[in-house]
Amino acid sequence: MEYQLMEYLLDGDLMTVTINGNGTITPTSAIQPAGSILQVLSNVKDDTSSTASTSFVDIGLSQAITPASTSSKIFIIANVALNDHHAVLSLNLMRDSTNICQPATDPGQNMSAVAYVSDETYMLHTPLTFLDSPNTTNEVTYKIQWKVNEGTGYLNRYSDADNWYRPSQLTLMEVAG
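Residues numbered from 1 in each chain as written. Predicted model: local features only at pLDDT ≥ 70, side-chain atom pairs only at ≥ 80, totals over all residues. Heavy atoms only, no water.

## Here we look at the confidence of the model for the chain
For step 1, the next point in the chain: Mean pLDDT over the chain stands at 80; residues scoring 70 or higher make up 68%.
For step 2, the next point in the chain: Mean pLDDT across the elements of the chain ranges from a minimum in strand β1 (residues 3-10), with 49, to a maximum in strand β6 (residues 57-65), with 96.
For step 3, the next point in the chain: Confidence over residues 4-10 falls short of pLDDT 50; this stretch has 19 contacts with residues more than four positions distant or in other chains. (pLDDT = per-residue confidence, 0-100. Helix = DSSP H or I, 4+ residues; strand = E, 2+ residues; numbered from the N terminus. Contact = heavy atoms within 4.5 Å.)

The following block contains the structure:
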């Protein structure tokens, strides 16, 4: 069963708004114009870990999302608590198995963000934001990877003491296209 709710002009074009039998309204642009936030999903990682890997490995912080439309964009906001004690720690943002948020040219150290902490008593709260266009209505998973250039990197804790913690978070916001 469908009910035609109304017809009106939108940017000079006639638009028919319909309430479908399942309670949804079509077209979605009638109630959620471009730029509207359609859904917000978030994941918090509050345990600690470390890496000595010089190649990108998963940090254990990921979040899946299923876009409502192929025109949707996904706004990614990450805040990662790092300590690396005199080493360079690099972060990489992935959509499924695809690197995103990378420099246009290859300087030899492709990464989404970089952190350097010169003192083991500091924890760097590394922000990372990116607007992605996955162009799908299939579920996609975003995740953070990390590596160090030498030594050991620490997540959500200091390098010299395992007695102070801070969680890291990954938030995804679907934006109507």
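Now, onward.
## So, the nonpolar core
For step 1, the next point in the chain: Formed by 22 residues in total, the largest nonpolar core has its most connected members in Ile59, Ile76, Leu91, Tyr142 and Ile144.
For step 2, the next point in the chain: When contributions to this core are tallied by element, the ones reaching two or more residues are β6, β7 (73-83), β8 (88-95), β12 (140-148) and β14 (168-175).
For step 3, the next point in the chain: When neighbours within four sequence positions are excluded, Ile76 is seen to be in contact with Leu93, Ile100, Leu128, Thr129, Phe130, Asp132, Tyr142, Leu170, Thr171 and Leu172. (Core = buried A, V, L, I, M, F, W, Y, C linked by side-chain atoms within 4.5 Å. Buried < 20%, exposed > 50% of the residue type's maximum accessible area, 1.4 Å probe, protein only.)

## Digging into the packing of aromatic side chains
For step 1, the next point in the chain: Overall, the coordinates contain 0 aromatic pairs when judged by the stated rule.
For step 2, the next point in the chain: Over the aromatic face of Phe56 sits the side chain of Lys147, whose NZ or CZ is 4.8 Å from the ring centroid. (Phe/Tyr/Trp six-rings, centres within 6.5 Å; stacked < 30°, edge-to-face > 60°. Lys NZ or Arg CZ within 6 Å of the ring centre and 35° of its normal.)

## Some words on the pattern of salt bridges
For step 1, the next point in the chain: Following the criterion strictly, the structure yields 3 salt bridges and no others.
For step 2, the next point in the chain: With a shortest N-O distance of 3.2 Å, Asp58 and Lys143 are connected by a salt bridge. With a gap of 85 residues between them, Asp58 in strand β6 and Lys143 in strand β12 connect regions that are remote in the sequence. (Salt bridge = Lys/Arg side-chain N within 4 Å of Asp/Glu carboxyl O.)

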